[in-house]
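Summary of the model geometry
Each chain, written out:
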Amino acid sequence: MGEPNVETSGDVPLFPMPPVTEQALRVAVLSLDPAAAVRFEQEFHAAWQEAVQTDSTVPMHTFLRRWAVFVALRRVPARARRLRELERAIADADTLAAARPAAAEIAAMLDQAAREAAA
């Protein structure tokens, strides 16, 4: 596989990276993956409860960052397709060595998505 291919084939994002807020991410997740929107809601309520119980904003910040990366990864169709291909390659790998190149490329994609989400 060579070097991780962080850049996509020039595919244009479906929409600009939304602000890292509950409402903006909720709309983005729903537009990208309605099934994931159900998980978003469940995780939001769990993070909210944990934040209240611990008197800390950390659970909400963690929740928002995680979902911002989810959106950043999937808002570019070519990147979303490549992520699915890499996930399949890892699932089909017979050995750890066979899975490593795909895992390295996913790691690079996650780094890029985290930078986009933080920008």
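Residues numbered from 1 in each chain as written. Predicted model: local features only at pLDDT ≥ 70, side-chain atom pairs only at ≥ 80, totals over all residues. Heavy atoms only, no water.

**With respect to the side chain of Arg-26**
Definition in use: Only runs of H or I of at least four residues qualify as helices and only runs of E of at least two qualify as strands under DSSP, and these elements are numbered from the N terminus. Residue contacts are counted whenever heavy atoms from the two residues lie within 4.5 Å of one another.
Inspection of the secondary structure puts Arg-26 in helix H1 (residues 22-32). In this structure Arg-26 touches Phe-40, Glu-41 and Phe-44, once residues within four positions along its chain are discounted.

**Looking at the environment of Trp-48**
Rules: Think of it in three bands: with a 1.4 Å probe and only protein chains considered, a residue is buried below 20% of the maximum accessible area for its type, exposed above 50%, and partly exposed in between.
Structurally, the position occupied by Trp-48 is in helix H2 (residues 34-54). For Trp-48, a relative accessible area of 49% corresponds to the partly exposed category. Here the alpha-carbon distance between Trp-48 and Met-60, two residues 12 residues apart in the chain, equals 6.4 Å.

**Focus on the packing of aromatic side chains**
What characterises a pair of aromatic rings is the spacing of the ring centres plus the angle enclosed by the ring planes. Stated precisely, the cut-off is as follows: In this scheme Phe, Tyr and Trp rings, the latter by its six-membered ring, pair at centre separations within 6.5 Å, and the angle between planes marks the pair as stacked below 30 degrees, edge-to-face above 60, and tilted otherwise.
The final tally for this structure, using the stated rule, is five aromatic pairs. With centroids separated by 6.4 Å and ring planes inclined at 25°, the aromatic side chains of Phe-44 and Trp-48 adopt a geometry described as stacked. Taken together, the positions of Phe-44 and Trp-48, both in helix H2 and four residues apart, correspond to about one turn of that helix. Here the aromatic residues Phe-40, Phe-44, Trp-48, Phe-63, Trp-67 and Phe-70 are joined through ring pairs into a cluster of three or more.

**Regarding the packing of helix H3 (residues 58-74) against helix H4 (residues 77-92)**
We count it as follows: To get an axis, fit a line to the C-alpha atoms, keeping to the stretch in contact for a helix; angles then go from 0 to 180 degrees between the N-to-C directions. Any angle that falls under 35 degrees is termed roughly parallel, while one over 145 is termed roughly antiparallel, one within 65 to 115 roughly perpendicular, and all others oblique. Amino acid classes used here: Ala, Val, Leu, Ile, Met, Phe, Trp, Tyr, Cys and Pro are nonpolar; Asp, Glu, Lys and Arg are charged; the rest, including Gly, are polar.
As a packed pair, H3 and H4 sit with axes 6 Å apart at the nearest point and diverge in direction by 105°. When the axis of H3 is compared with that of H4, the two are roughly perpendicular. Taking contact as the criterion, the partners of Ala-72, Leu-73 and Arg-74 in H3 are, on H4, Arg-79, Ala-80 and Leu-83. In terms of residue class, the contact of H3 with H4 is made up of four nonpolar, no polar and two charged.

**Things to note about H1**
All of the buried residues along H1 are Ala-24, Leu-25, Arg-26, Ala-28 and Val-29. As for H1, its buried residues are in contact with H2 and H3.

**Looking at the confidence of the model for the chain**
Where we set the bar: The predictor attaches a confidence to each residue, called pLDDT, with possible values from 0 through 100.
Across the chain, pLDDT averages 92, with 92% of residues at or above 70. Scored below 50 in pLDDT, residues 1-8 shows 15 contacts in the model against residues more than four places distant or in partner chains.

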